[in-house]
Amino acid sequence: MACELKILLVVSVLPLVSILIPLANAKPQVPCYFIFGDSLVDNGNNNDLETSAKANHVPYGIDFPDGPTGRFSNGRTMADFLAQLLGFDKFIPPFSTAKGTKILMGVNYASAGAGIRDESGKRLTLYKYGARKVVLLGLNKIGCIPAEIAFHDRNGSSCVDKINSDVQLFNDKLISLVDILNNDLTGANFIYVNMSLLSLGDSSSAGITVMNSPCCKGRCTRKQVPCTNRSTYAFWDRFHPTEAASSYLASRAYAARTPFDAYPFDIRRLALL
């Protein structure tokens, strides 16, 4: 089927362990996969830009086969794991380097520091050009990330409850938007993925036990030495998840374990439509 008629998009709307490998020689479950978002899924688009939001240096990429690539993680991102789960034998290339036939399998447009703007958020800027399968990633519990914990008074709580309350309001509206878009846009299928799964307690079963402290202190400058037991940490730096956490989130987004993981269904079912 033509790619423009069957596109899977992952949209990361704001900042955010087993190895998951597809079957050998398996055909991808969707013909192409496009990614829009910020530093949670950026894989190198900011490398040559005049911005301080870059991750193309060590210790970033310490566990990635190619070393530092611009991913804000010690290894793979959630978008990378989803590509593997969907059966792609290569990671989706960044827009900054995508060329030739590589573009046919999809492009990663994510850029660290990207935000939500009215002029770039017209709900028809993607549907008009053929997007029919869209994954909307909800906000994670931002009040529980190390950066917010460090800069706000928690009043005895383990997280910044006021921020998490606002996050919940946003996510509730996002779920409602999924219903609206599915009703209004003929042939489109939107789903919502709960990005607060790491905070629900089940991640300890995957060996992730350090929830509020980053493996790499501060912004992971070139001289910093990160923790050695990275697979037990939820956060790589003050804002971004570790490879272990991304693997966990991707596995549950792809194949929901509970009704709270995705709405109205998970990515695996979306890919089959």
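Note: the structure precedes this text.
Just so it is clear, the model here is predicted, and its values are computed rather than measured.

Moving on: the overall build of the protein. Scanning the protein from N- to C-terminus turns up 5 helices and 5 strands. Walking the protein from its N terminus toward its C terminus, one meets helices and strands in the order β-β-α-β-α-α-β-α-β-α. Taking all 273 residues of the protein together, 52% fall into the buried category. Summed over all atoms, the accessible surface of the protein reaches about 13,500 Å², with 56% contributed by carbon and sulfur.

Once that is clear, we can look at the pairing of strand β3 (residues 133–137). In summary, the side chains of a regular strand alternate between the two faces of the sheet. When you tally the buried positions in β3, you get 5 out of 5 residues, the bulk of the element. By the bridge criterion, 5 bridges tie β3 to strand β4 (residues 189–193) in an arrangement that is parallel. If you follow V135 over to β4, its bridge partner there is I191.

For the rest of this paragraph, the subject is the environment of L137. Tracing the backbone through its elements, the reader meets L137 in strand β3. What makes L137 buried here is its relative accessible area of 4%.

So, on to helix α1 (residues 78–85). Counting buried residues in α1 gives 8 out of 8 residues, a clear majority hidden from the surface. The complete set of buried residues in α1 reads M78, A79, D80, F81, L82, A83, Q84 and L85. Two residues or fewer past α1, G87 is found with a positive phi of approximately 95 degrees.

For P28, the location among the structural elements is in the loop between β1 (8–12) and β2 (33–36). We classify P28 as partly exposed; its relative accessible area is 31%. Separated by 77 residues in the primary sequence, P28 and M105 have C-alpha atoms spaced 9.5 Å apart. The residues contacting P28, other than those within four sequence positions of it, are L86, G87 and F88.

Another aspect to go through is the side chain of N171. Position of N171 among the secondary structure elements: in helix α3 (residues 161–184). With relative accessibility at 2%, the residue N171 sits in the buried group. When neighbours within four sequence positions are excluded, N171 is seen to be in contact with G138, L139 and Y192.

Cut-offs used in this document
- Residues numbered from 1 in each chain as written.
- Predicted model: local features only at pLDDT ≥ 70, side-chain atom pairs only at ≥ 80, totals over all residues.
- Heavy atoms only, no water.
- Helix = DSSP H or I, 4+ residues; strand = E, 2+ residues; numbered from the N terminus.
- Buried < 20%, exposed > 50% of the residue type's maximum accessible area, 1.4 Å probe, protein only.
- Areas by Shrake-Rupley, 256 points an atom, 1.4 Å probe, with all protein chains shown as cover.
- Pairing = 2+ DSSP bridges.
- Contact = heavy atoms within 4.5 Å.

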